[in-house]
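Chain residues, written in single-letter form:
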Amino acid sequence: MNCKVGINGFGTIGKRIADAVSLQNDMEIVGVSKTSPNYESKLALDRGYPLYCAIPDRISEFRDKGMDVEGDLNDLIDESDIIVDCTPGGVGAKNSELYKKAGVKAIYQGGEDHQVADFSFNSLVNYEEAYGRDQTRVVSCNTTALCRTLYPIKKQYGINKVRATMIRRGGDPKQDNRGPINAIKPKMKVPSHHGPDVMTVIPDIEIDTTAVKVPTTIMHFHSINIELKNKNTKPEDIIKTLEETPRVTLVTEEHGIESTAQIIELARDANRPRNDVWEIPVWKESIVIKNNELYYFQAVHQESDVVPENIDAIRAMTKLEKNPTKSIQKTDKNLQLNPMI
Ligand code: NAD
């Protein structure tokens, strides 16, 4: 029997996870919950997802707009084996008591603190620890991206220290209230919270990060510098390692891919849904080693890179698959995560 998945919060992340769940053959969407009867609620109904109202006394607002609502959040919880909480940062923590009381498994997103589940997840790093768990946090888009490339490099060559700068998008494409519009805005908290967040997944890594926001909506960008333990490592070794790592893809200037703009264009040309880039593109030319220090650039499609991780987390927590590699391969095959170039 398929695992029954409920999505609480059907926004940027929630709608992508719902679609990704629908593409798997061992899980299904039993409902999604929304706070207001907007265009995303209509999308849920158009996709055939049963719609629930997250706030009980707003059910009539949905019905007044002709939207069929099955019930409230408690009804969705009753229908679900697992809830994927995709509400805005901080709301998931408030919902956690409700999930625990109802005895339903729950996945939270990166807008929550590690403490919400006392376990922070990345498929490649700690899938086995998620097996059978009741509560898990899938880390943020930036932390997921950092874990995807740092973990295999650490495993094969050893890392003394990571220094990385997050060049962050001002807002998601749908967010007309975010910025900056014409400025570069540094995060004055130095180091930024991203390093400690990576350590919730890979505890024995030394990492400091800084962050700036720039006027773009399509992707984040990371400039990474790593002091390697293995002094004989060559750029070709790193290229080979990253080529063999799932959900990491190498891109090159030789193909005219010189910025995040062309990466999104590749995703459009590949007919990816919503031009999603689930994998982390790393620029081949940027992989340079100087005096034992590795440099590289990577891009992050913030709206979608955490989606495959959520699917694997569902599979691990509900004991659908014990083997991480098998889950990763199954998720990626069903998403049609094929090379874009
Ligand atoms: P979003 O605002 O696009 O979507 C949130 C959804 O939750 C909306 O549909 C909203 O109506 C609904 N909602 C609001 N309050 C609610 C409540 N009390 N109960 C139920 N639903 C409620 O946000 P998002 O970008 O999808 O972010 C969701 C989570 O994913 C956050 O933790 C965020 O930090 C994390 N995340 C976001 C991104 C990103 O770039 N957008 C990337 C990775 C992780």
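Anything mentioned here points back to the structure above.
Residues numbered from 1 in each chain as written. Predicted model: local features only at pLDDT ≥ 70, side-chain atom pairs only at ≥ 80, totals over all residues. Heavy atoms only, no water.

A word on the overall build of the protein chain. When its secondary structure is counted, the protein chain shows twelve helices and 16 strands. For the protein chain, whose C-alpha radius of gyration is 20 Å, the value lies close to the compact-globule estimate of 20 Å for 341 residues. Along the three orthogonal principal directions, the C-alpha set of the protein chain runs to about 65 × 45 × 40 Å. Out of the 341 residues belonging to the protein chain, those deemed buried represent 54%. If you sum the accessible surface of the protein chain, you get close to 15,400 Å²; carbon and sulfur atoms cover 47% of it. Mean positive and mean negative side-chain charge positions of the protein chain (44 and 49 charges, respectively) differ by 3 Å. (Helix = DSSP H or I, 4+ residues; strand = E, 2+ residues; numbered from the N terminus. Rg over C-alpha atoms; globule rule 2.2 N^0.38 Å. Buried < 20%, exposed > 50% of the residue type's maximum accessible area, 1.4 Å probe, protein only. Areas by Shrake-Rupley, 256 points an atom, 1.4 Å probe, with all protein chains shown as cover. Lys, Arg positive; Asp, Glu negative; His and termini not counted. Charge placed at Lys NZ, Arg CZ, Asp CG, Glu CD.)

To continue, consider empty space enclosed by the protein. Rolled over the atoms, a probe with the dimensions of a water molecule shows which regions are left empty. Summed over the entire model, instances satisfying the criterion amount to one cavity of 30 Å³ or more. Of the pockets and cavities examined, the largest cavity occupies roughly 30 Å³. Surrounding the largest cavity, Ser 123, Leu 124, Arg 148, Pro 246, Arg 247, Glu 309 and Ile 328 form its lining. A per-class count over the lining of the largest cavity returns three nonpolar, one polar and three charged. Two domains each donate at least three residues to the lining of the largest cavity, and these are domain 1 (3–139 + 306–335) and domain 2 (141–300). (1 Å grid on protein atoms, 1.4 Å probe; cavity = no way out; pocket = protein on both sides within 12 Å on 5 of 7 lines; lining within 4 Å. Points joined across faces, edges and corners; volume = space filled by probe spheres on them. Nonpolar A, V, L, I, M, F, W, Y, C, P; charged D, E, K, R; others polar. Domains from an automatic or database assignment.)

Before going further, it helps to examine the site of the ligand. Residues in close proximity to the ligand total 21 residues, the closest being Thr 12, Ile 13, Lys 34, Asp 172 and Lys 174. Gly 111 is positioned such that a nitrogen or oxygen atom in its backbone is 3.1 Å from an oxygen atom of the ligand. Burial of the ligand by the surrounding chains reaches 81%, relative to a free accessible area of 820 Å². Placement of the ligand is best described as lying within the largest pocket. Partitioned by chemical class, the residues of the shell around the ligand number seven nonpolar, ten polar and four charged. Composition of the shell around the ligand by domain shows at least three residues from each of domain 1 (3–139 + 306–335) and domain 2 (141–300). (Near = heavy atom within 4 Å. Polar contact = N/O pair within 3.5 Å; in protein donor to acceptor, adjacent residues only side chain to side chain. Sits in = over half its atoms within 2 Å of the grid points.)

Here we come to helix α9 (residues 235–243). Among all positions in α9, only Ile 238, Ile 239, Thr 241 and Leu 242 are buried. Down the axis of α9, the buried side of the element spans an arc of 165°, and every buried residue falls inside it. More than 90 degrees from the buried face of α9, the exposed residues found are Glu 236 and Glu 243. Residues of α9 that are buried sit in contact with α7 (141–157), β13 (248–251), β14 (280–283), β15 (288–290) and β16 (293–300). (Arc of directions from axis to C-beta. Contact = heavy atoms within 4.5 Å.)

We now examine the packing of helix α1 (residues 12–22) against helix α11 (residues 307–317). Any two packed helices are characterised by the angle at which their axes cross and by the distance between the axes. Taken N-terminus to C-terminus, the directions of α1 and α11 make an angle of 55°; their axes are 9 Å apart at the nearest point. Taken together, the axes of α1 and α11 are oblique relative to one another. In terms of crossing hand, the pair formed by α1 and α11 is right-handed. Here α1 contributes Arg 16, Ile 17, Ala 20 and Val 21 to the contact with α11, which in turn contributes Val 307, Asn 310, Ile 311 and Ile 314. Partitioned by chemical class, the residues of the contact of α1 with α11 number six nonpolar, one polar and one charged. (Axes fitted to C-alpha atoms, helices over the stretch in contact; angles between N-to-C directions. Parallel < 35°, antiparallel > 145°, perpendicular 65-115°, else oblique. Left-handed = near helix turned anticlockwise from the far one by under 90°.)

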